[in-house]
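Now for the letters of each chain:
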Amino acid sequence: MRALMPAPDAPAGLALATVDAPEPRPDQVLVEVRHLSLNYGELHFLSRFPAGAIPGWDAAGVVVAAAANGSGPAVGTRVLTYGMGGAWAELRAVDLDELAVVPDSVDLARAVTLPVAGVTALRALRAAGPLLGRRVLITGASGGVGRFAVQLAALSGAQVIASVGAEQRGRGLAVLGADQVTVGLDGITEPVDVVLDTVGGPQMVAAYQLLAPEGTVLSIGCASGEAAVFPPYSTVGPGRSLVSFRIGNRLGADMAVLLHLLEQGRLSPEVAHHAPWEKAADAVDALFGRQLRGKAVLDVSAA
C-alpha cells in the first residue's frame, strides 16, 4: 500500500512511498482511509516518529475488515479514527476505543477534522469546569482547535473572547459564537475566568495576568515557539492556575459526541484547505505559514 512518509529531500519533508499493509490485532478493525487531516503538532514533531513508522493522527474511511474477536463495527461502516500514528496511509488498523461511527448525513471529509482539534477543545473545556456565565478567552482562535473551542464554549453558555493574530483571521468567529474578537489581547479590559492557550510565549504570560481570582490558564500548545517568562512576583497573589494539558487517548466516545453535534448542525468544522494527498506539501506550507483559518484535509487516492 501507499503511505505519506517522512522524506527529508522532498517538498515539506514528505513523499508517498510503498510500505507494508498493517496486520490488525483481533481487537482492531482494518480501515480503508479516504481522508486525513493535518495537525500542527504531528508535523512539528515529525522527526520524533520512529524510522519506518507511518505518521498521522486523524483519518476517516470505511471498515474493510471487522475485528476478529467479533466486536466493533461491521465491514462497510464509515468511521472516524484516531491514533498516535498510522493515519497517513491507504489502510489503517484501529483500536475499537479510538473510532466512532460516522452518521450517514455527515461528509467524511468534514468529519476527519474532529479527532485531535475537536477533542482537544472539548476535553480542555471540560477540564476548566462549568462554563455557564464565565468569561472564556481562547487564543489562536482561528486555528483548528481554536475554532472548535469557540463553538463549544459558546454552546456551554460561556462569554467567549476569541484572540487572533491578525484582523483578517478573525473573520467568521462571531458567527461561530464569539462575543468579542480581538487581535492579540487588545481591548480585553475585564478579567477572564478561563484561558485556553494555544500560542504560548509572552502572550500566555499576558493572558495569565488577565485572570480573575481562581481563574485558570490551560496550556494546550505553543504555536509561537517562544519562551514564556513570568516577571518576578507575577505568580504571587490570588489563587490563579496555569495547568498543562494533553489530549490523552480513547477518543472514540468524545468523537461520537462531536459527530452528533455536527449531524445536528450545532458544530461547524472549517475545511480551509482541501486537496489530494499528492499535494501534501502545499497543505503543510499553508499550515506552517499561518495561512489557514481552520483545518487542512487531504484526500487519499488509490494508487
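Bear in mind that the values here come from a model prediction, so they are computed numbers and not experimental data.

Here is what the cut-offs are and how they apply
Each chain has its residues counted from 1, running along the sequence as written. Predicted model: local features are reported for residues with pLDDT of at least 70 only, side-chain atom pairs are reported and counted for 80 or more only, and whole-chain, interface and lining totals are derived from all residues. Side-chain measures here rest on the full set of heavy atoms in the structure, leaving out hydrogens and waters. Think of it this way: any DSSP run of H or I at least four residues long counts as a helix, any run of E at least two long counts as a strand, and we number them from the N terminus. Our radius of gyration is a C-alpha quantity, and the globule rule it is checked against amounts to 2.2 Å times the number of residues to the power 0.38. Any residue under 20% of the maximum accessible area for its type is buried, any over 50% is exposed, and the rest in between are partly exposed; the area is computed with a 1.4 Å probe on protein chains only. The contact definition used throughout considers only heavy atoms, calling two residues in contact when any of these lie within 4.5 Å. Computed with the Shrake-Rupley method and a 1.4 Å probe, the accessible areas treat only the protein chains shown as cover for residues. A positive count includes Lys and Arg, and a negative count includes Asp and Glu. His and the chain ends are not counted in either. Taken as the charge centre is NZ of Lys, CZ of Arg, CG of Asp or CD of Glu, depending on the residue. Each aromatic pair joins two rings of Phe, Tyr and Trp (for Trp, the six-membered one) with centres within 6.5 Å, and gets the label stacked for planes under 30 degrees apart, edge-to-face for over 60, and tilted for any other angle. Nine residue types can take part in a nonpolar core, namely buried Ala, Val, Leu, Ile, Met, Phe, Trp, Tyr and Cys, and a core is a set of them joined through side-chain atoms within 4.5 Å. Two strands pair under a simple rule: DSSP has to find at least two bridges between them. The term salt bridge refers to a side-chain nitrogen of Lys or Arg lying within 4 Å of a carboxyl oxygen of Asp or Glu.

Draft legend 1. Representation of the overall build of the chain. Across its full length, the chain carries 8 helices and 15 strands. For the chain, the C-alpha radius of gyration of 20 Å lies close to 19 Å, the compact-globule estimate for 303 residues. Reported as C-alpha extents along the three principal axes, the dimensions of the chain are approximately 55 × 40 × 30 Å. Out of the 303 residues in the chain, the part that is buried amounts to 52%. For the chain, long-range pairs separated by at least 24 residues make up 68% of all intrachain contacts whose partners lie at least 6 apart in sequence. Total accessible area on the chain is roughly 13200 Å²; 53% of this is exposed by carbon and sulfur atoms. The distance from the centre of the 22 positive side-chain charges to the centre of the 28 negative ones in the chain is 3 Å.

Draft legend 2. Here's a closer look at the packing of aromatic side chains. Across all of its chains, the model carries 2 aromatic pairs by this definition. Measuring from centroid to centroid gives 5.3 Å for Tyr40 and Phe288, while their planes differ by 75°, and the two rings are edge-to-face. Placement of Tyr40 in helix 1 (residues 40-44) and of Phe288 in helix 8 (residues 280-288) is noted, with a sequence separation of 248 residues between them. On the numbers, 5.5 Å between centres and 90° between planes, the contact of Tyr208 with Phe230 is edge-to-face. One end of the pair, Tyr208, is in helix 6 (residues 201-209); the other, Phe230, is in the loop between strand 12 (211-219) and strand 13 (241-244), with 22 residues separating them in the sequence. The class of Tyr208 is buried, set by a relative accessible area of 5%. Here Phe230 falls in the partly exposed class, since its relative accessible area comes to 25%.

Draft legend 3. Expanded view of the nonpolar core. Counting 79 residues, the largest nonpolar core has Leu38, Trp88, Ile138, Leu196 and Leu298 as its most contacted members. Considering every element that reaches this core, the biggest residue donor is helix 3 (residues 115-127), with 7 residues. If you look at the next biggest cluster of nonpolar residues, it comprises 12 residues, including Leu185, Ile188, Tyr208 and Leu210.

Draft legend 4. Structural detail: the pairing of strand 6 (residues 91-95). A one-sided burial pattern is seen for strand 6, the buried positions being Arg92 and Val94 and the unburied ones Leu91, Ala93 and Asp95. Inspection of the sheet shows strand 3 (residues 28-38) paired to strand 6 by 5 bridges, in the antiparallel sense. Bridge pairing in strand 6 links Glu32 to Leu91.

Draft legend 5. Layout of the pattern of salt bridges. The final tally for this structure, using the stated rule, is 9 salt bridges. Here Glu270 ties to Arg147 by a salt bridge, and the two come within 3.9 Å at their closest N and O atoms. Note that Glu270 is positioned in the loop between helix 7 (252-264) and strand 14 (271-276) and Arg147 in helix 4 (residues 144-155), a separation of 123 residues in sequence. Classification of Glu270 as partly exposed rests on a relative accessible area of 35%. Within the structure, one salt-bridge network assembled from shared partners comprises Arg2, Glu90 and Glu278.

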